[in-house]
Amino acid sequence: DGGITQSPKYLFRKEGQNVTLSCEQNLNHDAMYWYRQDPGQGLRLIYYSQIVNDFQKGDIAEGYSVSREKKESFPLTVTSAQKNPTAFYLCASSIAVNQPQHFGDGTRLSIL
Amino acid sequence: KQEVTQIPAALSVPEGENLVLNCSFTDSAIYNLQWFRQDPGKGLTSLLLIQSSQREQTSGRLNASLDKSSGRSTLYIAASQPGDSATYLCAVGLTTDSWGKLQFGAGTQVVVTP
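Below is a short write-up of the structure. Counting starts from 1 at the beginning of each chain's written sequence and moves along it residue by residue. Both sets of labels track the order of writing: A upward for chains, 1 upward for ligands. The predicted nature of this model means local features are confined to residues of pLDDT at least 70 and side-chain atom pairs, given and counted, to a pLDDT of 80 or more, with totals for whole chains, interfaces and linings taken over all residues. Excluding hydrogens and water, the side-chain figures rest on all heavy atoms present in the structure.

**Quick notes on the sheet that holds strand 3 (residues 19-25) of chain A**
The strands making up a sheet are joined through hydrogen bonds of the backbone, oriented either antiparallel or parallel. Residue and element names in this part refer to chain A. Selection rule: Pairing between two strands requires that DSSP report at least two bridges joining them. Secondary structure elements follow DSSP: runs of H or I of four or more residues count as helices, runs of E of two or more count as strands, with numbering from the N terminus. Orientation is described by axes fitted as lines to C-alpha atoms, over the contacting stretch for helices, and by angles from 0 to 180 degrees between their N-to-C directions.
The sheet built from 4 strands is open, its strands ordered 1-3-8-7 with antiparallel pairing. In this open sheet, the two edge strands, each paired with only one partner strand, are strand 1 (4-7) and strand 7 (64-66). Going from strand to strand, the sheet's axes swing by 20° on average, the running direction of each strand aside. Sheet topology note: the strand 1/strand 3 ladder contains 4 bridges and is antiparallel. Bridge pairing links S7 to S22 in strand 3.

**Observations regarding the sheet that holds strand 6 (residues 56-59) of chain B**
Residue and element names in this part refer to chain B. The strand order across the open sheet formed by 5 strands is 1-3-8-7-6, and the pairing between neighbours is antiparallel. Each having just a single partner strand, strand 1 (4-5) and strand 6 make up the two edges of the open sheet. Relative to strand 8 (residues 72-77), strand 3 (residues 19-25) is paired through 6 bridges, and the arrangement is antiparallel. Counterpart to C23 in the pairing with strand 8 is S73.

What follows is the structure in structure tokens.
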């Protein structure tokens, strides 16, 4: 079955530590996205990538970094510069921009 | 800046009652509007997508309408079931960017009681 796989499901970060969230898709989609969801708020865009080796900042990119070396993979690194990283992180993909986005099941990041 | 609002934030209905969920947006220059369902601790599942040129979309018990001039969309779920309990989010596709960036509402949490 085609889909988007996010791992791990739960992640804990120590102060000063960088952590990386994995997102893999086998839908052959060109575009991929990372969102952050906080309680009672809508999703906010962190980064997006329209094609391999290209990515753009979203609304809240500070303290985060990404790479897009392969079409199937779009990992997100939460750096120590992100002072409030506790949130639910969602990865999505679409066949192209302006097409419906398909979502993974998310990673919940907490601070130790 | 486009703002998307969903009111109420939560509602509870008895099984069998029709559900009416509201979404409002401040800028009518949208590319499309999408309704999603989110179960607790899960990702989003797309329910319906309405292009800016369309007035409504239907899928089974679900019907979504779009009125760009008034900045509103409504999701109707007929004959609700306990399995419809979830959070429903609307998202507006913006035209201000060269790609279809989505602006999300905060969602309406729905509980359908048996």
